[in-house]
Amino acid sequence: MAGLLEKIEEMAGQAPAKVKRSDTLDSLEEIRLEYLGRKGLLTSILHGLKDAPADQRPLIGKQANLLKNKLSGLIDQRRRELEQQRSRRELDSGRIDVTLPGSRPWTGSIHPLNQVLERINEIFFGMGFALAEGPEIEDEFHNFDALNTPEDHPARAEQDTMYLEGGMLLRSHTSPVQIRHMQANRPPVRVIAPGRVFRRDTPDATHSPVFHQVEGLYVDENVTFGDLRYTLEQFAAQMFGAGASLRFRPSFFPFTEPSAEVDISCIFCRGKGCRVCKQVGWIELLGCGMVDPNVFDSVGYDSERYTGFAFGMGIDRICMTFNGVNDIRLFLESDVAFLSQF
Ligand code: DAH
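Residues numbered from 1 in each chain as written. Predicted model: local features only at pLDDT ≥ 70, side-chain atom pairs only at ≥ 80, totals over all residues. Heavy atoms only, no water.

## Some details on the domain arrangement of the protein chain
Logical step 1: Partitioning the protein chain into domains gives domain 1 (2-93) and domain 2 (112-339).
Logical step 2: Taking the mean C-alpha position of each, domain 1 and domain 2 sit 90 Å from one another. (Domains from an automatic or database assignment.)

Below, the structure is given as structure tokens:
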């Protein structure tokens, strides 16, 4: 059986060169299978050893094993080379310039008015107020009559309020929500009602026919002007910081008696006078007062037993002041360049 030794020698002459020439991982694997696979050339020699003459077996076995070890070493080495080449190619083809600016994913943001609104809601929720809502299309009863607004009040005029067909109108303030809430609930009531309101205003930097208010209403036995004042001061401290002070000026609204307009010390100059507050040190914040007994009568509340306070604030102006926005129309224009700053 000298044939086996010659075969091994022949393989030893050819196989290493084949391994070196292989240029893909697939072709290298084919070579491995050809020699070392379960039915490979070298494997079958080792399997056939038992048929070889006893005196040659040790030599054949030794040579076959030497070749087997040498070949698998060479194949492993070649595999590592080819793998390295492959990953270098992959890196080259997918090369990225890490100094280029990344592409920013588009994310939405909360509308600046809603940011202010959410903040206001949170503060009043914390003081035990609940949320109330009413329709934007109202009737005269809820928007005016029940709010003790006289027939000849200028706010009722066509040039101030937008009327619809059938005696309906677009609510000119959020105060009608007070009426609807009291009609549907018995005292005590403690609600805030944010929403859109509509007035026939020619749009300019500080006027918009659509703007936003937050209404507040608190009715119970023994509610006083002191409660109103305390509530608004707590609100101002949380909304604008502990240093913010409020100024109450006597005023008039048909639905409150007495009524007041409330200013806040300018949050930028703390009352010293600056460009934002036009050097007066105060910024108008809201209207408020004690609910007029006539309003209680119109919703069937006992005005002898109950008292209450109400307030209404425009949030567009607050939001403008807060954020240094100089045109109220920007809030309604859905201009992404503007909105994405918030
Ligand atoms: N409704 C008033 C307005 O639109 C604001 C207002 C003032 C609301 C006094 C109130 C209030 O509840 O008590 O100008």
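## Observations concerning the site of the ligand
Logical step 1: In the region of the ligand, 15 residues are neighbours, and His 173, Gln 178, Arg 199, Gln 213 and Glu 215 sit closest.
Logical step 2: At 2.9 Å, a side-chain N or O of Arg 199 approaches an oxygen atom of the ligand.
Logical step 3: Gln 213 has a polar side-chain atom sitting 2.9 Å from an oxygen atom of the ligand.
Logical step 4: Contact with the protein chains removes 90% of the 360 Å² of surface that the ligand exposes when unbound. (Near = heavy atom within 4 Å. Polar contact = N/O pair within 3.5 Å; in protein donor to acceptor, adjacent residues only side chain to side chain. Areas by Shrake-Rupley, 256 points an atom, 1.4 Å probe, with all protein chains shown as cover.)

## Here's the deal with the packing of aromatic side chains
Each aromatic ring pair is specified by the distance between its two centres and by the angle formed by the two planes.
Logical step 1: Counting across every chain of the model gives 13 aromatic pairs.
Logical step 2: Ring geometry for Phe 124 versus Phe 129: centroids 5.3 Å apart, planes at 75°, classification edge-to-face.
Logical step 3: What makes Phe 124 buried here is its relative accessible area of 0%.
Logical step 4: You can call Phe 129 buried: its relative accessible area is 5%. (Phe/Tyr/Trp six-rings, centres within 6.5 Å; stacked < 30°, edge-to-face > 60°. Buried < 20%, exposed > 50% of the residue type's maximum accessible area, 1.4 Å probe, protein only.)

## A look at the environment of Gly 281
Logical step 1: Counting through the fold element by element, Gly 281 comes out in the loop between strand E7 (256-265) and strand E8 (282-291).
Logical step 2: Expressed as a C-alpha distance, the spacing of Gly 281 and Cys 269, which sit 12 residues apart in the sequence, is 7.0 Å.
Logical step 3: The contact partners of Gly 281, leaving out residues within four places of it in the chain, are Ile 264, Ser 265, Cys 266, Cys 269, Gly 271 and Gly 273. (Helix = DSSP H or I, 4+ residues; strand = E, 2+ residues; numbered from the N terminus. Contact = heavy atoms within 4.5 Å.)

## Thoughts on the pairing of E8
Logical step 1: Among the 10 residues that make up E8, 8 are buried, leaving the element largely enclosed by the rest of the structure.
Logical step 2: Sheet topology places E7 next to E8; 8 bridges connect them, and they run antiparallel. Bridge pairing in E8 links Ser 259 to Gly 289.
Logical step 3: Taken together, the 4 bridges between E8 and strand E9 (residues 307-314) define a ladder with antiparallel strand orientation. Residue Gly 287 lies in a different strand from E9, and its bridge partner there is Gly 312. (Pairing = 2+ DSSP bridges.)

## Section: the state of the cysteines
Logical step 1: Tallied over the full model, the rule gives 0 disulfides.
Logical step 2: Not engaged in a disulfide, the cysteine Cys 266 finds its nearest cysteine sulfur in Cys 269; these two sulfurs lie 3.6 Å apart.
Logical step 3: Here Cys 288 stays free of any disulfide, with the sulfur of Cys 266 as its closest cysteine sulfur at 20 Å. (Disulfide = S-S within 2.5 Å.)

## Re helix H8 (residues 225-240)
Logical step 1: Across its 16 residues, H8 extends 22 Å between first and last C-alpha, which sits within 8% of the 22 Å expected from 1.5 Å per residue.
Logical step 2: For H8, every residue scored as buried is listed here: Leu 228, Thr 231, Leu 232, Phe 235, Ala 236, Met 239 and Phe 240. Here the buried residues of H8 occupy an arc of 135° about the axis, which is enough to place them on one side.
Logical step 3: Contacts from the buried residues of H8 go to helix H5 (112-126), strand E6 (246-253), E7, E8, E9 and helix H10 (315-323).
Logical step 4: The N-terminus of H8 is capped by Thr 224, whose side-chain oxygen sits 3.2 Å from the backbone nitrogen of Gly 226. (Expected span 1.5 Å × (residues − 1). Arc of directions from axis to C-beta.)

## Some words on unusual backbone geometry
Logical step 1: With omega at 0°, the peptide bond leading from Pro 187 into Pro 188 counts as cis.
Logical step 2: Topologically, Pro 188 is positioned in the loop between helix H7 (176-184) and strand E4 (189-198).
Logical step 3: A cis amide bond links Glu 257 with the next residue in sequence, Pro 258, at an omega value of -5°.
Logical step 4: Considering the arrangement of structural elements, one finds Pro 258 in strand E7.
Logical step 5: Even without being glycine, Lys 278 reaches a positive phi, approximately 55°.
Logical step 6: Within the element layout of this structure, Lys 278 appears in the loop between E7 and E8.
Logical step 7: In this model, Ser 334 sits at a positive phi of 50°, which is unusual for a non-glycine residue.

## Quick word on the packing of H5 against H10
Logical step 1: Across the interface, H5 lies against H10 with an axial gap of 9 Å and an inter-helix angle of 105°. Between H5 and H10, the angle falls in the class roughly perpendicular. Facing Pro 112, Leu 113, Val 116, Leu 117 and Ile 120 of H5, the residues of H10 in contact are Ile 315, Asp 316, Ile 318, Cys 319, Phe 322 and Asn 323.
Logical step 2: Classifying every residue of the contact of H5 with H10 gives 9 nonpolar, 1 polar and 1 charged. (Axes fitted to C-alpha atoms, helices over the stretch in contact; angles between N-to-C directions. Parallel < 35°, antiparallel > 145°, perpendicular 65-115°, else oblique. Nonpolar A, V, L, I, M, F, W, Y, C, P; charged D, E, K, R; others polar.)

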